[in-house]
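A structural walkthrough
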Amino acid sequence: MKQTLSMTLAEYAASTTVDKNPTQIRERAKQVILDEMACAHFGRRSLGGGLAAKYAVSLGGAQESLILGTRSYASAPYAALANGSAGHGEEVDGAHVIGGHPGATLVHAAVALAEQQRVSGAELVNAVVLGYDVGIRVIEACGGLFAMKNRFGLNSDFLHALGCSAASSRLLGLDPLKHCHAMTLSSFGSNALVAFYAEKRHISKSLCNGMHASAGVTGALMAMVGLEGHEDILGAPFGVLHAWGSKEHQGALTRGLGETYKIMGANFKFVNAGYPIHAPVEAALTLVAKHGIKLDAIASIHIGMPTNAMRVVDGRDMHNICVQDMVTAALIQGGLKLRELPFPAMLGNPAFPRLRPRVTAAGDADLDRDQPTGRGAIVRMTLTDGATVSLRVEHPRGHSLRGGVTWDELAVKWQDGLPECDIDRMLALTRGLEDVEDVNELVTAFITQK
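Rules of the game
Residues numbered from 1 in each chain as written. Predicted model: local features only at pLDDT ≥ 70, side-chain atom pairs only at ≥ 80, totals over all residues. Heavy atoms only, no water. Helix = DSSP H or I, 4+ residues; strand = E, 2+ residues; numbered from the N terminus. Contact = heavy atoms within 4.5 Å. Polar contact = N/O pair within 3.5 Å; in protein donor to acceptor, adjacent residues only side chain to side chain. Expected span 1.5 Å × (residues − 1). Buried < 20%, exposed > 50% of the residue type's maximum accessible area, 1.4 Å probe, protein only. Core = buried A, V, L, I, M, F, W, Y, C linked by side-chain atoms within 4.5 Å. Pairing = 2+ DSSP bridges. Salt bridge = Lys/Arg side-chain N within 4 Å of Asp/Glu carboxyl O. Axes fitted to C-alpha atoms, helices over the stretch in contact; angles between N-to-C directions. Parallel < 35°, antiparallel > 145°, perpendicular 65-115°, else oblique. Nonpolar A, V, L, I, M, F, W, Y, C, P; charged D, E, K, R; others polar. Phe/Tyr/Trp six-rings, centres within 6.5 Å; stacked < 30°, edge-to-face > 60°. Lys NZ or Arg CZ within 6 Å of the ring centre and 35° of its normal.

Remarks on the side chain of R44
With respect to the element layout, R44 can be found in the loop between α2 (23-43) and α3 (47-58). Contacts of R44, omitting those with residues within four sequence positions, involve G49, G50, A53, I67, L68, G69, T70, A82, N83 and A86.

See the structure below:
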């Protein structure tokens, strides 16, 4: 058979095992799995997360995979849909240096199918590493998140359906040709026009992650029973790279396979806000604490950001992805907490309408030069006495280029975020996931215990 781009990736995918992944790669994957599963449990309370669970349950069918944050089960594709939607429901799920929210899609596809197949924890770890490698590489070959947005009006996260199909196909033990079919079949059920994300209540913004996860699982299950698609959806005329690829970046699809692992670019969040907001909030709070600044002494706050990131969070209707709203709320409250959302109650605080108009955001030339697709920020405060103070934060806490996270930090995050769960058990099982014989043992640890 002709060696195509899709086949090259498929042969690699079908050959992967957890033992081939270096220790630090497995550790990062386990941290991502814990964090994303906890995010879905946490995000079930969101409107999008709750409605997605209601929809999945209403369909009936096989009771294969847990809908996290509930005691209900659904078929693997619909559990992936419900959990991916909840995973992004509260904006606490992980991001990535390439952009977007791969974890809320890739992890929940892999976990749902791993439950159905009753595979080992080691197989799940390998599948998640593989899903990141495929999904991120496809997006890189298309120029990245912002190139996809600016050139085609698409949010590149929909391409993670291809990563989900690879992870799912590996869990099913499919041969390389069926991996190729699965990628094509998954593409039929996944798309993400940027306009989807402009609604006001975070429903479709959440649902997209679940839809991509479900499409990947479905594509692999279809391929397993013999359904077929184009054998080179990646490299064929009118395929993925023909439609959206960047000639400058197409080598990213296969460069470094088995040597450079894309999961190492995974970032973690500690507050419930759109990711470009984290560095501005950190900088603003640090300035106030360092200089002993009182709210009444602030004449103006200017937030400089990479222009691409600024456009995502500038003046948005959804409060927790609006940088002006969240910086204002953080300063009034003295910080942001995972469980305590400042809005809508903040709108009734008399300090909010006084401070909010003083907060502005714009693209910054230095950040555009240094990190055009980054998440840094420069916050400049001008005080009523004319003094000015400023601070630049290169990468927010939890960012992979700042060192990622420790297990202790994840423990603190979720002891705060999920007090109803047995966090110690969740942590112990995830940290030792290579020794777990059946993934269902891990999943049941996420059922409310208290």
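Next comes the rest of the account.
Brief notes about the environment of S206
Assignment of secondary structure puts S206 in helix α10 (residues 203-224). Along the sequence, S206 and A86 sit 120 residues apart, while their C-alpha atoms lie 6.7 Å from each other. Setting aside residues no more than four positions away along its own chain, S206 makes contact with G84, S85, H88 and G89. Separated by 2.7 Å, the side chain of S206 and the backbone oxygen of H202 make a polar contact.

Side note on helix α4 (residues 76-87)
In a regular helix each residue adds 1.5 Å, so 12 residues correspond to 16 Å; α4 covers 16 Å between its end C-alpha atoms and thus fits that length. A76, P77, A79, A80, L81, A82, N83, G84, S85, A86 and G87 are the residues of α4 that are buried. Turning to α4, the residues buried within the fold contact α2, α3, β1 (65-66), β2 (73-74), α5 (102-117) and α10.

Description of the nonpolar core
Grouped burial of nonpolar side chains is what soluble globular proteins tend to show. With 103 residues, the main nonpolar core has M37, L124, L159, L234, V240, W414 and M426 as its most contacted residues. For this core, the element with the most residues is helix α6 (residues 121-141), which contributes 13 residues. Residues V271, A283, V313 and A377 belong to the second largest nonpolar core, which totals 37 residues.

Observations regarding the pairing of strand β7 (residues 377-383)
The alternating pattern of β7 places A377, V379, M381 and L383 on a buried face, while none of I378, R380 and T382, on the opposite face, is buried. Where strand β5 (residues 298-305) meets β7, 6 bridges bridge the pair, whose relative direction is antiparallel. Paired with I303 across the bridge in β7 is V379. The pairing of β7 with strand β8 (residues 388-393) spans 6 bridges and is classified as antiparallel. Along β8, the bridge assignment pairs R380 with S390.

Regarding the pattern of salt bridges
Under the defined criterion, the tally for this structure stands at 17 salt bridges. For K30, the salt bridge goes to E27, with nearest N and O atoms at 2.8 Å. With K30 and E27 both in helix α2 and 3 residues apart, the pair spans about one turn of that helix. With a relative accessible area of 27%, E27 lands in the partly exposed category. Residue E434 is joined to K30 by a salt bridge in which the shortest nitrogen-to-oxygen separation is 2.9 Å.

Considerations on the sheet that holds β8
Strand order in the open sheet formed by 4 strands is β6-β5-β7-β8, with mixed pairing between adjacent strands. With one partner strand each, in any of the chains shown, β6 (359-363) and β8 form the two edges of the open sheet. On average, each strand axis in the sheet is inclined to that of its neighbour by 15°, with strand direction left out of account.

A closer look at the packing of α2 against α6
Their axes nearest at 9 Å, the elements α2 and α6 cross at an angle of 90°. Comparing their axes, α6 and α2 come out roughly perpendicular. Residues I25, R26, A29, K30, V32 and I33 of α2 touch α6, and the partners they reach there are L124, V125, V128, V129 and Y132. Classifying every residue of the contact of α2 with α6 gives 9 nonpolar, no polar and 2 charged.

Considering the environment of K200
By the element assignment, K200 lies in the loop between α9 (176-187) and α10. Relative accessible area serves as the criterion here: at 63%, K200 is assigned to the exposed category. Beyond its immediate chain neighbours, meaning those up to four positions away, K200 contacts D317 and M318.

A word on unusual backbone geometry
With an omega of 10°, the peptide bond between F343 and P344 qualifies as cis. Even without glycine at this site, E91 takes up a positive phi of about 60°. Following the sequence through the fold, E91 ends up in the loop between α4 and β3 (95-96). Judged by relative accessible area, E91 falls into the buried class, the value being 1%. One non-glycine residue, F238, lies in positive phi territory at about 65°. In this structure F238 comes out as exposed when scored by relative accessible area, which is 70%.

Digging into the side chain of S85
Tracing the chain through its elements places S85 in helix α4. Among all residues touching S85, those that are not within four sequence positions of it are G48, G49, A52, S206, L207 and G210.

With respect to the packing of aromatic side chains
Inspection of the entire model under this criterion finds 4 aromatic pairs. Note on F42 and W414: the rings are 5.8 Å apart at their centroids and 70° apart in plane angle, and the pair reads as edge-to-face. Of this pair, F42 sits in helix α2 while W414 is found in helix α17 (residues 407-417), placing the two residues 372 residues apart along the sequence. For the pair F42 and W414, one class covers both residues: buried. Considering the side-chain rings of F158 and W244, the 5.2 Å spacing of their centres and the 85° angle between planes classify their relative orientation as edge-to-face. Residue F158 is found in the loop between α7 (145-152) and α8 (160-172), and its partner W244 is found in helix α11 (residues 240-244); the two are separated by 86 residues along the sequence. Given a relative accessible area of 22%, W244 falls into the partly exposed group. When the ring centre of F270 is taken as origin, the NZ or CZ atom of R397, which lies over that ring, is 3.7 Å away.

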